[in-house]
Amino acid sequence: MSGQMQSNTIAPVPASQNTLDEPVHTTILRDLKIIGIKLGHVILPRGKGVQALKDWDLWGPLLLCLTLAIMLSQGAPEEQSALVFAIVFVVVWVGAAIVTINAQLLGGTISFFQSVCVLGYCIFPLTLASIVTFILSHAIHGITFTFIKGGVVLGGFVWSTISSIGFIRGLVPPARRALAVYPVLLFYLIISFVILAE
């Protein structure tokens, strides 16, 4: 058997996209900058946010989920802290997966990981609410704290819901938007309830 072997050469990756040769701190700083930009789109939802979150990543949602789980587990009794951490982690990721599958079954034009990314970034207001209530729990007690905590968590719920609906509604056919938005409301309502129960 004789013949020539053909080699399929792969074009080199441009230096701007090659991250294997750059220092670790440069990669981390670039990723943190991207997370900050995406959080900015959640904080102030506007039209450009959908395009920014189409370039999905799971680092931001993971950091937000871990922060939320740590905050809630710190406020739980010692023997229940690991259980609270696990419950929060499972509720966030399984809930995001269920909402994503629902949106795709309704004819949504969003990929699985894009939707999980959007839902994960949109828990930022609820994570912020858990941090605020954790800090306030050490300064305020009694019925006053209960009302303040309820108001802060309600604000986080509304903010998270409005942010995520702004992203989701443009990616689902108009006739099925209500069916796609309802599970999003339930998702953030359950997370809000977990924060209130802490």
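Everything here concerns the structure above.
A brief report on the enclosed structure follows.

In this section: a nonpolar patch on the surface. Together, Val-24, Ile-28, Leu-29, Leu-32 and Leu-63 give the surface a local cluster of nonpolar side chains, amounting to about 470 Å² of exposed area. Examining the composition of the nonpolar patch, we find that 4 residues originate from one element, helix α1 (residues 24-43), more than from any other. Within the element layout of this structure, Ile-28 appears in helix α1. Judged by relative accessible area, Ile-28 falls into the partly exposed class, the value being 45%.

So, on to the nonpolar core. The nonpolar side chains of soluble globular proteins are, as a tendency, buried together. Grouped together as the largest cluster of nonpolar side chains are 37 residues, with contacts concentrated most on Leu-68, Val-88, Ile-123, Phe-187, Tyr-188 and Ile-191. Element by element, the count of residues in this core is highest for helix α8 (residues 177-197), at 7 residues. Each residue touching Tyr-188, except ones within four places of it in the same chain, is listed here: Val-118, Leu-119, Cys-122, Ile-123, Leu-126, Phe-157, Ser-160, Thr-161 and Ser-164.

Before going further, it helps to spend a moment on α1. Taking 1.5 Å per residue as the helical rise, α1 with its 20 residues ought to reach 28 Å, and the 28 Å between its terminal C-alpha atoms agrees with that figure. Among the residues of α1, those classed as buried are Ile-35, Lys-38, Leu-39, His-41 and Val-42. For α1, the angular spread of buried residues about the axis comes to 150°, placing them on one side. The exposed set on the far side of α1, more than 90 degrees from its buried face, consists of His-25, Leu-29 and Lys-33.

The rules we used
- Residues numbered from 1 in each chain as written.
- Predicted model: local features only at pLDDT ≥ 70, side-chain atom pairs only at ≥ 80, totals over all residues.
- Heavy atoms only, no water.
- Patch = residues over 30% accessible without salt bridge, like charges linked within 9 Å, V, L, I, M, F, W, Y side chains within 5 Å.
- Areas by Shrake-Rupley, 256 points an atom, 1.4 Å probe, with all protein chains shown as cover.
- Salt bridge = Lys/Arg side-chain N within 4 Å of Asp/Glu carboxyl O.
- Helix = DSSP H or I, 4+ residues; strand = E, 2+ residues; numbered from the N terminus.
- Buried < 20%, exposed > 50% of the residue type's maximum accessible area, 1.4 Å probe, protein only.
- Core = buried A, V, L, I, M, F, W, Y, C linked by side-chain atoms within 4.5 Å.
- Contact = heavy atoms within 4.5 Å.
- Expected span 1.5 Å × (residues − 1).
- Arc of directions from axis to C-beta.

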